[in-house]
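Per-entry structural report
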Amino acid sequence: KGEVKMDPHTLYVDCTASAVKAHKPQPVFQGNRIVVQLLRMPLVTLSAAITAYVEAHGDDEIHKNQLCTPVPFPENLTGYARATFMSAMNQVQWSQDKPFRQWMRESRLDAFGKMVSEVEKQALLFRLRANTLSAMANMATLMA
């Protein structure tokens, strides 16, 4: 409840305010109109970046809307469950599109994609390590 002297030319952003208002979900791509909406809860900035990526790289509006299924903004626990489910369903759609999946892995806005990539690498190394001895034993058989 004190005061801090600040430069009068400083921009202040109230980060306690909600950046998103609950609206009824609708298709993101509507001809020449784009309706930016939540696509991955709670990541508003990632959702906007996904919309921009899909717009720049897609040509079929049906496919673009499949990749950008709006997630209803949660207002209660039931809404949270629904939003979490829809976010997961979007993730499944995104994983089916190789260029999009690669873009997500490289996006600094999506820590989840990087984490999954590292888990996949770890799983591959574990399989390699687990099978190396038996492969070496089989190699001797193949060479004989």
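As the structure is a prediction and not an experimental result, all values here were calculated from the model.

Glancing now at the overall build of the protein chain. Of the regular secondary structure elements, the protein chain holds 5 helices and 2 strands. Traced from its N-terminal end to its C-terminal end, the protein chain shows the element sequence β-β-α-α-α-α-α. A globule of 144 residues ought to have a C-alpha radius of gyration of about 15 Å, yet the protein chain, at 22 Å, is considerably larger. Reported as C-alpha extents along the three principal axes, the dimensions of the protein chain are approximately 80 × 45 × 35 Å. Split into buried and exposed, the 144 residues of the protein chain put 23% on the buried side. As displayed, the protein chain has an accessible area near 11,100 Å², and 61% of this comes from carbon and sulfur atoms. Across the protein chain, the centroid of the 16 positively charged side chains sits 6 Å from that of the 13 negatively charged ones.

What follows concerns the nonpolar core. Within the largest apolar cluster, 12 residues are counted, these being Val28, Phe29, Leu39, Leu46, Ile50, Tyr53, Val54, Leu67, Cys68, Trp94, Phe100 and Met104. Elements that contribute at least two residues to this core include exactly helix H1 (44-57) and helix H4 (98-106). If one sorts the elements of this core by residue count, H1 sits on top with 4 residues. In this view, Trp94 contacts Leu39, Arg40, Ile50, Leu67, Phe100, Arg101 and Met104; residues no more than four positions away in its chain are not counted.

The next thing to look at is the packing of aromatic side chains. Per the stated rule, a full pass over the model turns up 4 aromatic pairs. On the numbers, 5.5 Å between centres and 70 degrees between planes, the contact of Tyr53 with Phe100 is edge-to-face. Residue Tyr53 is located in helix H1, and its partner Phe100 is located in helix H4; the two are separated by 47 residues in the primary sequence. Each member of the pair, Tyr53 as well as Phe100, carries the same accessibility label: buried. Of the residues examined, Phe100 reaches a relative accessible area of 1% and is grouped as buried. Sitting over the ring of Phe29, Lys64 keeps its end group 4.7 Å from the ring centre.

With that settled, the discussion passes to the environment of Asp110. The topology assignment puts Asp110 in the loop between H4 and helix H5 (111-143). Taking the C-alpha atoms as reference points, Asp110 and Leu43, separated by 67 residues in sequence, lie 8.6 Å from one another. Among all residues touching Asp110, those that are not within four sequence positions of it are Arg40, Leu46 and Met104. At a separation of 2.9 Å, a polar atom in the side chain of Asp110 contacts the side chain of Arg40.

Mean pLDDT over the protein chain: 86, with 93% of residues reaching 70 or higher. Mean pLDDT in the protein chain bottoms out at H5, which sits at 78, and peaks at strand E1 (residues 29-30), which reaches 97.

Residues Val4, Met6 and Tyr12 make up a contiguous nonpolar surface patch of about 350 Å² in total accessible area. As for its position among the elements, Val4 is in the segment before E1. Residue Val4 is classed as exposed on the basis of its relative accessible area of 67%.

Rules and cut-offs
- Residues numbered from 1 in each chain as written.
- Predicted model: local features only at pLDDT ≥ 70, side-chain atom pairs only at ≥ 80, totals over all residues.
- Heavy atoms only, no water.
- Helix = DSSP H or I, 4+ residues; strand = E, 2+ residues; numbered from the N terminus.
- Rg over C-alpha atoms; globule rule 2.2 N^0.38 Å.
- Buried < 20%, exposed > 50% of the residue type's maximum accessible area, 1.4 Å probe, protein only.
- Areas by Shrake-Rupley, 256 points an atom, 1.4 Å probe, with all protein chains shown as cover.
- Lys, Arg positive; Asp, Glu negative; His and termini not counted.
- Charge placed at Lys NZ, Arg CZ, Asp CG, Glu CD.
- Core = buried A, V, L, I, M, F, W, Y, C linked by side-chain atoms within 4.5 Å.
- Contact = heavy atoms within 4.5 Å.
- Phe/Tyr/Trp six-rings, centres within 6.5 Å; stacked < 30°, edge-to-face > 60°.
- Lys NZ or Arg CZ within 6 Å of the ring centre and 35° of its normal.
- Polar contact = N/O pair within 3.5 Å; in protein donor to acceptor, adjacent residues only side chain to side chain.
- pLDDT = per-residue confidence, 0-100.
- Patch = residues over 30% accessible without salt bridge, like charges linked within 9 Å, V, L, I, M, F, W, Y side chains within 5 Å.
- Salt bridge = Lys/Arg side-chain N within 4 Å of Asp/Glu carboxyl O.

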